[in-house]
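Coordinates in review
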Amino acid sequence: MSDRETQEYDVIVLGAGPTGENLADRTTAAGLRTVVVESELVGGECSYWACMPSKALLRPVAALAGARAVAGSREAVRGGLDAAAVLARRDSFTSHWQDDGQVEWLRGAGIELVRGHGRLSGERTVTVTAPDGGELVLRARHAVAVCTGTRALLPGGVPGLDAARPWTSREATAAKEVPGRLVVVGGGVVGVEMATAWRALGAEVVLLVRGGGLLPRMEPFAGELVADGLREAGVDVRTGASVASLERPAADGPVTVVLEDGERLTADEVLYATGRAPRTEDLGLETVGLEPGGWLETDDGCVVRGVAGGWLYAAGDVNHRALLTHQGKYQARIAGNAIGALAKGQPLDTARWGAHVASADTAGAPQVVFTEPEAAAVGLSLAEAQRAGLRVKAVDHDLGQVAGASLYADGYRGRARVVFDLDRGLLVGATFVGPGVAELLHSATVAVVGEVPIDRLWHAVPSYPTMSEVWLRLLEDCRG
C-alpha cells in the first residue's frame, strides 16, 4: 500500500464484529459498495472472547447438571467435567482464534475488508493505518458506521491493580488452563457466568460483589436464585465486599486481594468483571466535533447526534442503547436498511416499531444469563415499569409447580414473573429463573414486542407437559 492511497466506497463500516458484519450485509444487499475496517479479528469480541467461548464453557456445566437432576441418568454420571475436553471444545468454537472462516463469509457476501486501525479524519472520511504503517484514505458517498463495540473497564485508584495483571473477560474466556484459585470481582453477567464455568471446571472460586446482590439489572429474585446456585456449586459468594488493593510480587506468582475490612485472599488469578467502556478513544471523533472516549449517543435510527448531515451512524454496544450482541445485530439491520433506503431516495419509516427505528432496544430487549440456574428476562422489570410511570402489577409463579418443570428435573426450583400493564392489558416485561428457562424467553419476547393483548394470549395454548404451561398460571393471575 502506498503512503496515502485513497479509495471511495458507498459505505464504510468501522469494526467487523457481529454488528459491523450485519450492517455491511444489509448495505451490500441494497446494492451499495461497502468496506469493513478491522484492526483485530473479523468476527469481533463475541466470536473470540465473549458469547461463543463463554457459552462453550458453560454448556457442559448445564448438561452435567441436567443429567444429575434426573433419577436414572443421575446414577450414570461418574465424576466431574473433563476440563481438557471442555477447553478443547471451546477452542473449536473460536476457530482457535483464527478468522479465516469469517473473512471468507465477508468475501462471499460481496463485502470488502481492509485490515488496520481506522480513524475518522473528517466528513465521510476514514484514514486507516495498516499493520505495516502505511495509510489508506477511505471516503464514503453515503455513510460511515461505527461498530467498534466495547472493552473491559478496569477501575481506577486500586493500588497494585496494574502490577497484578488481572484477568478481564478476554482472559477469562480464553484461558488455556484452569486456575487453582480464582477471585472474581463483580456480580454482573460476566462475573456470575465465569464463576459458574471455572468452578465447574475445578477452580476454587470467591465472588466479590460490592453491592447487596447479583445481577442488579434484573428482578431481585433472579440474583438471589443465581447466588443460591453458585453457593451450592461451592462458590464463596460475598456481598458488600470491596477490594482495597492487590499485591503480586512475582509476575508468575499468586495474587493477594486485600479487602477493605483487612481480609487477605490469595488466588492464582483475579478476574475483574466490573463494566465496559466504549472503544472510541482513538477513532478521530474530534475531527467531526465529538469528544473522544465517550459513548456515541444516537437517535432511534442509530444516527449519531451532534454530527451535521446525518451520515455518521453508531450501532451495537458503542452507542450504549443495549449492550447485547443480538441487539447490536438488530440495530445493524435497522441502520443498514435505512442507509440503503436513503441512498435510493426512499422515505424512512420512523414510527414506533417502524422498519427504520430500533424500538426494541428500550421496550423488548431479551437477555439470558447462562448460570445454573439460568436467568432470562425481556422488557421492563417491575421497578423499571414503575419508574416509567406505568400502572402495573407483578404476577409471580413457582416454576417448580408446573408439570413440565417437575419432569425436567427432580426437585426443580425456579420462578417466573410477568409485569402486566393494567391500563393497556399488555405485558411489558417477563423474567424466568430456573434450569432450561432460556428457551422460554422468546415466547415472552414475542408477547412484549408484539404488544399482544392478554385476552388474545389466553388463546395461545402451551403444549402439555412443558414448562411453557407456566403461561397459563401467569395469565390467569393477570386476568384476575
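Everything below is about the structure printed above this text.
Summary of the structure given here.

**So, the overall build of the protein chain**
The helix and strand tally for the protein chain stands at 16 helices and 21 strands. Against the 2.2 N^0.38 benchmark of 23 Å for 480 residues, the protein chain shows a C-alpha radius of gyration of 24 Å, consistent with a compact globule. Overall, the C-alpha framework of the protein chain stretches about 65 × 65 × 40 Å when taken along its three principal axes. Here the protein chain, with 480 residues, has 52% of them falling under the buried criterion. About 20,800 Å² of surface is accessible on the protein chain, with carbon and sulfur atoms providing 50% of the total. Distance between charge centres in the protein chain, computed from 46 positive and 60 negative side chains, equals 2 Å.

**Structural notes on the packing of aromatic side chains**
Under the counting rule described, the total for this entry stands at four aromatic pairs. Aromatic side chains Phe-432 and Trp-471 sit 6.1 Å apart centroid to centroid with 65 degrees between the ring planes, which places their arrangement in the edge-to-face category. You can see Phe-432 sitting in strand β21 (residues 426-434) and its partner Trp-471 sitting in helix α16 (residues 470-479), a full 39 residues away along the chain. Relative accessible area serves as the criterion here: at 10%, Trp-471 is assigned to the buried category. For Arg-479, the ring lying beneath its charged end belongs to Trp-458, and the centroid distance is 4.6 Å.

**A few points about the nonpolar core**
Ranked by internal contacts, the top residues of the largest apolar core, which has 35 residues, are Trp-198, Leu-207, Leu-214 and Leu-230. Looking at this core, the elements that each hand over two or more residues are α3 (51-68), α4 (83-93), β8 (181-185), α8 (189-200), β9 (204-209), α9 (220-232) and β18 (374-379). Non-local contacts of Trp-198, meaning those with residues more than four positions away in its chain, are made with Leu-57, Leu-87, Trp-167, Ala-172, Ala-175, Glu-177, Val-178, Pro-179, Leu-182, Ala-203 and Val-205.

**Describing the sheet that holds β8**
Ordered in space as β10-β9-β8-β14, the four strands form an open sheet in which the pairing is parallel. The open sheet terminates on both sides in strands that have one partner only, identified here as β10 (236-239) and β14 (269-272). The mean angle between the axes of side-by-side strands here comes to 15 degrees, regardless of whether they run parallel or antiparallel. Strand contacts of α8: β8, β9 and β14, with the helix running at about 165 degrees to β9, the strand carrying the most contacts.

**Quick notes on the pattern of salt bridges**
For the structure on display, the rule yields 34 salt bridges. Here Glu-281 and Arg-151 are joined by a salt bridge, their closest N and O atoms 3.8 Å apart. Of this pair, Glu-281 sits in the loop between β15 (276-278) and β16 (312-314) while Arg-151 sits in strand β7 (residues 150-152), and the two are 130 residues apart along the sequence. Looking at Glu-281, the relative accessible area reads 44%, which means it is partly exposed.

**A few points about α9**
Here α9 spans 19 Å end to end across 13 residues, near enough to the 18 Å set by a 1.5 Å rise per residue. Those residues of α9 not exposed but buried are Phe-221, Ala-222, Gly-223, Val-226, Ala-227, Gly-229 and Leu-230. Gly-234 occupies a position one or two residues after α9 and carries a positive phi of about 105 degrees.

**Considerations on the packing of α3 against α4**
In a pair of packed helices, the angle between the axes and the distance between the axes together describe the arrangement. Axis separation between α3 and α4 bottoms out at 9 Å; the angle between their running directions is 150 degrees. Along this stretch, α3 crosses α4, giving a crossing that reads as right-handed. Contacts between α3 and α4 involve Met-52, Pro-53, Ala-56, Leu-57, Arg-59 and Pro-60 from the first element and Val-86, Leu-87, Arg-89, Arg-90 and Phe-93 from the second. Classifying every residue of the contact of α3 with α4 gives eight nonpolar, no polar and three charged.

**Some words on α16**
Buried residues of α16: Val-470, Trp-471, Leu-474, Leu-475 and Cys-478, and no others. In a view along the axis of α16, the buried residues occupy a sector of 125 degrees, so they form one face of it. Elements that come into contact with the buried residues of α16 comprise β19 (392-398), β20 (415-421), β21, α14 (441-449) and α15 (454-457). Backbone geometry just after α16 places Gly-480 at a positive phi near 80 degrees.

**A short note on the environment of Trp-198**
Considering the arrangement of structural elements, one finds Trp-198 in helix α8. Given the relative accessible area of 0%, Trp-198 is considered buried. C-alpha separation for the pair Trp-198 and Leu-58, spaced 140 residues apart in sequence, amounts to 9.0 Å.

**Let's talk about the pairing of strand β17 (residues 366-369)**
With four bridges connecting them, β17 and β18 associate as antiparallel partners. When the sheet's bridge partners are listed, Gln-367 is paired in β18 with Ala-377. Turn length for the β17-β18 hairpin, with the two strands adjacent in sequence and antiparallel, is four residues.

**Things to note about the sheet that holds β21**
Reading across from one edge, β17-β18-β21-β20-β19 is the order of the five strands in this open sheet, with antiparallel pairing throughout. The outermost strands of the open sheet, each flanked by one partner alone, are β17 and β19. Taking each pair of neighbouring strands and ignoring which way they run, the sheet shows an average axis angle of 10 degrees.

**Concerning unusual backbone geometry**
The amide bond that connects Glu-372 to the next residue, Pro-373, takes the cis arrangement and shows omega of 10 degrees. Following the sequence through the fold, Pro-373 ends up in the loop between β17 and β18. In the segment running from Tyr-464 into Pro-465, the intervening peptide bond is cis, with an omega of -5 degrees. Here Pro-465 is to be found in the loop between α15 and α16. Residues other than glycine seldom take positive phi values, yet Trp-97 does so here, at roughly 55 degrees. Along the chain, Trp-97 falls in the loop between α4 and α5 (100-108). The residue Cys-302 is not glycine, and still its phi comes out positive at about 70 degrees. Mapped onto the elements of the fold, Cys-302 is located in the loop between β15 and β16.

Here is what the cut-offs are and how they apply
Residues numbered from 1 in each chain as written. Predicted model: local features only at pLDDT ≥ 70, side-chain atom pairs only at ≥ 80, totals over all residues. Heavy atoms only, no water. Helix = DSSP H or I, 4+ residues; strand = E, 2+ residues; numbered from the N terminus. Rg over C-alpha atoms; globule rule 2.2 N^0.38 Å. Buried < 20%, exposed > 50% of the residue type's maximum accessible area, 1.4 Å probe, protein only. Areas by Shrake-Rupley, 256 points an atom, 1.4 Å probe, with all protein chains shown as cover. Lys, Arg positive; Asp, Glu negative; His and termini not counted. Charge placed at Lys NZ, Arg CZ, Asp CG, Glu CD. Phe/Tyr/Trp six-rings, centres within 6.5 Å; stacked < 30°, edge-to-face > 60°. Lys NZ or Arg CZ within 6 Å of the ring centre and 35° of its normal. Core = buried A, V, L, I, M, F, W, Y, C linked by side-chain atoms within 4.5 Å. Contact = heavy atoms within 4.5 Å. Pairing = 2+ DSSP bridges. Axes fitted to C-alpha atoms, helices over the stretch in contact; angles between N-to-C directions. Salt bridge = Lys/Arg side-chain N within 4 Å of Asp/Glu carboxyl O. Expected span 1.5 Å × (residues − 1). Left-handed = near helix turned anticlockwise from the far one by under 90°. Nonpolar A, V, L, I, M, F, W, Y, C, P; charged D, E, K, R; others polar. Arc of directions from axis to C-beta.

By themselves, these are just geometric observations and shouldn't be taken as functional.
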